[in-house]
Amino acid sequence: MKKLVEGNETFQKTLNSDRIIYDVPFPSTRFQGSKRRVIKWIKKQAMKLEFDSVLDCFGGTGIVSHVFKKLGIEVTYNDYLKCNAIMAKALIENRDVTISTKKIANLFHPTNPPYDDFIQRTFQDIYYTDEENKQIDIVTQNIHLIESEYERCLAFFALFQACLIKRPYNLFHRKNLYMRTSHVERSFGNKTTWERPFDELMIQFANEANKAVFDNGKDNTVLNRDALSIEQQDYGLIYVDTPYISPKGVGVDYHHFYHFLEGLVQYKRWNEKVDFKSKHRRLYSVDNPWHDKERIHQAFNLLFEKFRNSIIMVSYRSPGIPSIEELEEILLKYNKDVQTFERKHQYALSKRRRSHEVVLIAI
Ligand SMILES: C[S@@+](CC[C@H](N)C(=O)[O-])C[C@H]1O[C@@H](n2cnc3c(N)ncnc32)[C@H](O)[C@@H]1O
């Protein structure tokens, strides 16, 4: 195993110094496993390398894609969640469309009846109050009526972020509206934020998203696929930030954590996809090797083999499954050189004292 410490930069390739670097803020987002806290460090790692196009295979919030976009690189963003792909359309693919405050405010009016009340009927006492469920029903159906694709995606971005910020833990993994409404002392959470109204929150997030929109002169695109089904192309670099699997073998199931947002984007067909046996009305689960400790090694093998001609940059949180040594071994099967960079980092919700942010670069 080769291990390099920070600052020992033996790579010959560096980003051209004459490249324009855009200074554009990324909106505040709440998302499990987002690279927000370490984004400057990730950027520093990427800037050691020379490449003109990137595939962000597990794009999540899009914050890493947005950094690549700011470096003037042609970005292909991918995520298997529809809600994430929609946010990336708004922030990565979109060059110049913004959405007005007035348009966001108008989404709250039932101006195009009849309106379905699916959320009110299905999710009573689960995530939001009755009044909020009614608002989400109306806003969602109005967003689906917006004609401009990027305006629609910006409105969804604002709705998703408003939905997340009002949730305990920012997730939909449990029926726990009671945490907001019961009059008990809380050791965790933010009552003031949870009680902020949807319209105020959506306007705030739409404004933040508007500020992130820019044109880097490249055709940036968004895919919404299982990472292993992405077609091979000559990407200069592929960036790989897979779901985390703990040393005990517990993987993050994103489809489960964010099923409510996935439902919003398929509002008319949501009913067919809900597992009504689950207390929190999740969607039927989808098979995914990337959070399965038995299949994750094989999945990495397939991905690295497919993109063996690209520089491969893997974000990894240690300790986890596979181990760093196992990942390096897999990368070495397909690449000549593998270097590993570590950064100490404490995750907000982690009970473990020491977890490390790691980047592996294979050329
Ligand atoms: C660790 S997060 C990525 C975080 C992202 N880099 C960021 O900073 O926001 C992993 C992402 O992988 C996505 N994902 C999970 N399984 C996937 C699959 N089979 N194909 C593509 N994306 C997948 C999840 O939806 C999630 O957004």
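Residues numbered from 1 in each chain as written. Predicted model: local features only at pLDDT ≥ 70, side-chain atom pairs only at ≥ 80, totals over all residues. Heavy atoms only, no water.

### A look at the state of the cysteines
What the rule picks out here adds up to zero disulfides. Free cysteine C153: the closest other cysteine sulfur is in C83, separated by 12 Å. (Disulfide = S-S within 2.5 Å.)

### Focus on helix α6 (residues 130-144)
With 15 residues, α6 ought to run about 21 Å at 1.5 Å a step, and its terminal C-alpha atoms sit 22 Å apart, in line with that. For α6, the set of buried residues is E132, N133, I136, D137, I138, V139, T140, Q141, N142 and I143. (Helix = DSSP H or I, 4+ residues; strand = E, 2+ residues; numbered from the N terminus. Expected span 1.5 Å × (residues − 1). Buried < 20%, exposed > 50% of the residue type's maximum accessible area, 1.4 Å probe, protein only.)

### A word on the nonpolar core
F68, C163, M202, F260, L261, L264 and W270 are the most contacted members of the largest nonpolar core, which totals 84 residues. Ranked by residues supplied to this core, first place goes to helix α7 (residues 149-165) with 12 residues. Other than its neighbours up to four places away in sequence, W270 contacts F118, I119, F123, F260, G263, L264 and L283. Judged by nonpolar contacts, the second largest core, of 29 residues, contains V240, F307, Y316 and A362. (Core = buried A, V, L, I, M, F, W, Y, C linked by side-chain atoms within 4.5 Å. Contact = heavy atoms within 4.5 Å.)

### A look at the packing of aromatic side chains
What the rule picks out here adds up to 26 aromatic pairs. Measuring from centroid to centroid gives 6.3 Å for F118 and F123, while their planes differ by 80°, and the two rings are edge-to-face. Since its relative accessible area comes to 4%, F118 is described here as buried. Judged by relative accessible area, F123 falls into the buried class, the value being 0%. (Phe/Tyr/Trp six-rings, centres within 6.5 Å; stacked < 30°, edge-to-face > 60°.)

### Structural notes on helix α10 (residues 198-212)
Under the 1.5 Å per step criterion, the end-to-end length of α10 is 21 Å for 15 residues, consistent within 8% with the ideal 21 Å. Among the residues of α10, those classed as buried are F198, L201, M202, F205, A206, A209, N210 and A212. Each element contacted by the buried residues of α10 is listed here: α2 (63-70), α3 (82-93), α4 (101-106), α6 and α7.

### Regarding the site of the ligand
Around the ligand there are 24 residues in total, and K35, T61, D79, D241 and N288 lie nearest to it. In the environment of the ligand, an oxygen atom lies 2.8 Å from a nitrogen or oxygen atom belonging to the backbone of K35. In this structure, a nitrogen atom belonging to the ligand sits 2.7 Å away from a side-chain N or O atom of D241. Look at the ligand: alone it shows 610 Å² of surface, and the protein chains cover 99% of it. Classifying every residue of the shell around the ligand gives 10 nonpolar, nine polar and five charged. (Near = heavy atom within 4 Å. Polar contact = N/O pair within 3.5 Å; in protein donor to acceptor, adjacent residues only side chain to side chain. Areas by Shrake-Rupley, 256 points an atom, 1.4 Å probe, with all protein chains shown as cover. Nonpolar A, V, L, I, M, F, W, Y, C, P; charged D, E, K, R; others polar.)

### Focus on the pairing of strand β7 (residues 355-362)
The buried fraction of β7 is high, at eight of eight residues. What you see with β7 is no split at all: S355, E357, V359 and I361 on one side and H356, V358, L360 and A362 on the other are buried throughout. Bridge count for strand β5 (residues 311-318) against β7 is seven bridges, and the pairing is antiparallel. Paired with R317 across the bridge in β7 is E357. (Pairing = 2+ DSSP bridges.)

### Remarks on the packing of helix α14 (residues 296-306) against helix α15 (residues 324-334)
For the pair α14 and α15, interaxial distance at closest approach is 9 Å and the crossing angle is 30°. It follows that α14 is roughly parallel to α15 by the angle criterion. Relative to α15, α14 is oriented so that their crossing is right-handed. Taken together, the residues of α15 that come into contact with α14 (itself represented by H297, F300, N301, F304 and E305) are E326, L327, I330, L331, K333 and Y334. (Axes fitted to C-alpha atoms, helices over the stretch in contact; angles between N-to-C directions. Parallel < 35°, antiparallel > 145°, perpendicular 65-115°, else oblique. Left-handed = near helix turned anticlockwise from the far one by under 90°.)

### Digging into the environment of L237
Structurally, L237 can be placed in strand β4 (residues 237-240). Counting along the chain gives 104 residues from L237 to F341, while the straight-line C-alpha distance between them is 17 Å. Ignoring anything within four residues of it in the chain, the contact list for L237 reads L49, F51, S53, V54, L55, F68, S310, I311 and M313.

So yeah, pure geometry; function would need other evidence.
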